[in-house]
Amino acid sequence: MIDLASVSRMASGGSPWKGYALVAIVIVIVLATTGVWNPWPQVWAWVNTSEPIAGNASRWQQRIGGSPQSVAVVGDAVVVEYRTSIEAYGITAGIKLWDSDADWASISGSGNEAVVATGRLLTKGYQVLDPRSGAVLRADTEATAVWTYRDSLLDLHCAKGGDCQLTAWAPRGTKPLWTVDTGGIGFVLNAANPDLPDTKQLTADRVDDDVARPRLTPSLIGLPDDGKIRVIDTATGKVVQVAEPGAGQRVAIAGGRVLTVTGTAQDGTCYYGVVATDPPSSAAVWRREGLNLRTADNGSNCQQEHDPAGGEDVILGVDPTGRQELLAAHDGRLLWRGAKGETVLAVNDNHAVIRSADGRTLRGYGFSRGRTTWSRPVGEGGAAAITPYAAVITSRKPERVVAVAPGTGRALVDLRTGAEVFAVGPGGLIAVAGREMAYIPFT
């Protein structure tokens, strides 16, 4: 039993107010430990209450289970991936729908026909879940790797001897669309969306690297196989070529073409050339001398370690004078060439976002129109990313997030916030700050 009189005498040597405060604290502790009254849950809830991410612009804000690996808008659900678990929330009110133990999650399909593929690291197999209910729609126990697209899901099975098979599924399909033997390639390909020799999206500050996922299934994909690349036609499910890059070469697949980039070291620099072929033919569909797809870091050793940036059918390069340019991968057409100092910040098959040489202005460029479709000023540290639904623009000074219609530049969201944009859906975007997640609908 705590002697309150003794506590009061202990505090009497100082200010009487200190004594009263100490007595009050002791009383609260006694009430809490005896179960009469416990204020601490309410106190901690008040301490943990965060400021609104987007002020009054958000439809809802929800405290989530940790720092997310990824977030995706999937129909009328929001799926959050952590390191060892998955959660889903309703997009209307942010109410938690379900959770599941998994090490990875990836989205296949679009709208309410989309699914969530989940699995464990270093463990074969995966599950296909309904994003709204979490119900298992299909389960696999042997696949080593999965690739998810807006219109398909591909999985890779490898036998003990090393022979592998690639199988294509409709997102909610229960029967394979096709299966093809691919040889012994599976030991370096695992989990969700392992890297393939294709084009990579440009990334942006305070925007998740995979914000534009999932993309459409490419017409050709390449599976690495001990220095060679097995090229597979995804319409027919057949291996149409086995490409083997030579010394100083790198192969990337874009726009239904196999691009072979050759780098030659000479005169203290690196000279590049690109040849595009349409397998199974080895004849050149187009070629460009002096086109640098930025597959190597600066230097004269020409060691190519990177895939080119771009969309599925648009690639970003640099001409011999140092100006950036965008080309159609399937026929080599020049879609855009920048002025000196202009920089492409984001690009897909339809649009690009370009920063002016002085860094103060961003403009949208439409490939179908062949011209600038919008322009707007941007703050210090301006960056951009393109999704099918919006171009997302961020800046540091001031801290700001703006989403605009890619083709017109019409403002859909305009926020003063330091949050990171993790996902963009047809009706709005998801922003995350710490352990707070908010859905901001487009206006």
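These numbers were taken from a predicted model, which means no experiment stands behind them.

Here is what the cut-offs are and how they apply
Residues numbered from 1 in each chain as written. Predicted model: local features only at pLDDT ≥ 70, side-chain atom pairs only at ≥ 80, totals over all residues. Heavy atoms only, no water. Helix = DSSP H or I, 4+ residues; strand = E, 2+ residues; numbered from the N terminus. Buried < 20%, exposed > 50% of the residue type's maximum accessible area, 1.4 Å probe, protein only. Contact = heavy atoms within 4.5 Å. Areas by Shrake-Rupley, 256 points an atom, 1.4 Å probe, with all protein chains shown as cover. Disulfide = S-S within 2.5 Å. Polar contact = N/O pair within 3.5 Å; in protein donor to acceptor, adjacent residues only side chain to side chain. Pairing = 2+ DSSP bridges. Core = buried A, V, L, I, M, F, W, Y, C linked by side-chain atoms within 4.5 Å. Phe/Tyr/Trp six-rings, centres within 6.5 Å; stacked < 30°, edge-to-face > 60°. Lys NZ or Arg CZ within 6 Å of the ring centre and 35° of its normal. Salt bridge = Lys/Arg side-chain N within 4 Å of Asp/Glu carboxyl O. pLDDT = per-residue confidence, 0-100. Axes fitted to C-alpha atoms, helices over the stretch in contact; angles between N-to-C directions.

Asks: Explanation requested: the overall build of the protein chain in the structure shown.
Replies: In terms of helices and strands, the protein chain carries three helices and 35 strands. Counting the 443 residues in the protein chain, one finds 50% classified as buried. Partitioning the intrachain contacts of the protein chain with sequence separation of at least 6 by distance along the chain shows that 43% fall at a separation of at least 24. When the accessible surface of the protein chain is totalled, it reaches about 21,200 Å², and 51% of it is carbon and sulfur.

Asks: What is the right way to look at the state of the cysteines in this model?
Replies: Linking two cysteines covalently through their sulfur atoms gives a disulfide. Evaluated as defined, the whole model comprises two disulfides. Between the sulfur atoms of cysteine 158 and its disulfide partner cysteine 164 the distance amounts to 2.0 Å. Taking the sign of the S-S torsion, 105° for the link of cysteine 158 and cysteine 164, the bridge is right-handed. What makes cysteine 158 buried here is its relative accessible area of 13%.

Asks: Got a minute to help me understand the environment of tyrosine 82 in this structure?
Replies: Tracing the chain through its elements places tyrosine 82 in the loop between strand E3 (77–81) and strand E4 (85–90). For tyrosine 82, the contacting residues outside a window of four places in its chain are Ile64, Gly65, Gly66, Ser67, Pro68, Gln69, Glu87, Tyr89 and Asp103. One polar contact links the side chain of tyrosine 82 to the main-chain amide nitrogen of glycine 65, over a distance of 2.9 Å.

Asks: Could you clarify how one ought to interpret the pairing of strand E30 (residues 391–395) in this entry?
Replies: On a regular strand, each side chain points to the face opposite its neighbour's, so the side chains alternate between the two faces of the sheet. Among the five residues in E30, five count as buried, and that is most of the element. Along E30, one buried face is formed by Ala391, Ile393 and Ser395 and the opposite face, lined by Val392 and Thr394, is buried too. Both strand E29 (residues 383–386) and E30 contribute to a ladder of four bridges, which runs antiparallel. Along E30, the bridge assignment pairs alanine 384 with isoleucine 393. From the end of E29 to the start of E30, which pair antiparallel, there are four residues.

Asks: Help me out: how do you make sense of the nonpolar core in this one?
Replies: Core analysis: the largest hydrophobic core is formed by 22 residues, its most contacted members being Val421, Val424, Leu429, Ile440 and Phe442. Among the elements of the structure, E29, strand E31 (400–404), strand E32 (411–415), strand E33 (420–424), strand E34 (428–433) and strand E35 (436–441) are those that each provide at least two residues to this core. No other element matches the three residues that E32 contributes to this core. Ignoring anything within four residues of it in the chain, the contact list for leucine 429 reads Ala403, Val413, Val421, Ala423, Val424, Ala438, Tyr439, Ile440 and Phe442.

Asks: Sorry if this is basic, but what is going on with the packing of aromatic side chains here?
Replies: Aromatic ring pairs: the centre-centre distance and the angle between the two ring planes describe each pair. Per the counting criterion, the structure on display carries two aromatic pairs. Ring centres of tryptophan 60 and tyrosine 439 lie 6.2 Å apart, and the angle between their planes is 25°; this geometry places the pair in the stacked category. Taken together, the residues tryptophan 60 in strand E1 (residues 60–63) and tyrosine 439 in strand E35 connect sequence positions 379 residues apart. Both residues of the pair, tryptophan 60 and tyrosine 439, belong to the buried class. The residue whose ring lies beneath arginine 138 is tryptophan 169, and the NZ or CZ to ring-centre distance is 3.7 Å.

Asks: Can you help me understand the pattern of salt bridges in this one?
Replies: Proximity of charged atoms lets side chains of opposite charge pair with each other. With the rule as written, the count across this model stands at 22 salt bridges. Among the salt bridges present, the one from arginine 213 reaches aspartate 208, with a minimum N-O distance of 3.4 Å. The class for aspartate 208 is buried, based on a relative accessible area of 12%.

Asks: So what exactly am I meant to see when it comes to the environment of glutamate 142 here?
Replies: On the secondary structure map, glutamate 142 appears in the loop between strand E9 (136–140) and strand E10 (145–148). Look at glutamate 142 and you get partly exposed, because its relative accessible area is 42%. Along the chain, glutamate 142 and histidine 157 lie 15 residues apart, while their C-alpha atoms are 6.2 Å from each other. Sequence-distant contacts of glutamate 142, that is, excluding residues within four places in its chain, are made with Lys124, Gly125 and His157.

Asks: Would you take a moment to explain the confidence of the model for the protein chain for this structure?
Replies: A low pLDDT means the predicted coordinates there should not be read in detail. Overall, the prediction assigns the protein chain a mean pLDDT of 89, with 88% of residues at 70 or greater. Note on residues 43–49: pLDDT is under 50 here. Beyond four places in sequence and across chains, it has one contact.

Asks: Please clarify how the sheet that holds E29 should be interpreted in this entry.
Replies: Across a sheet, strands are paired by hydrogen bonds formed along the backbone, either parallel or antiparallel in direction. The strand order E29-E30-E31-E32 describes an open sheet built from four strands, whose pairing is antiparallel. The outermost strands of the open sheet, each flanked by one partner alone, are E29 and E32. Direction aside, neighbouring strands of the sheet carry axes that sit 15° apart on average. Taken together, the four bridges between E31 and E32 define a ladder with antiparallel strand orientation. Residue valine 404 lies in a different strand from E32, and its bridge partner there is alanine 411.

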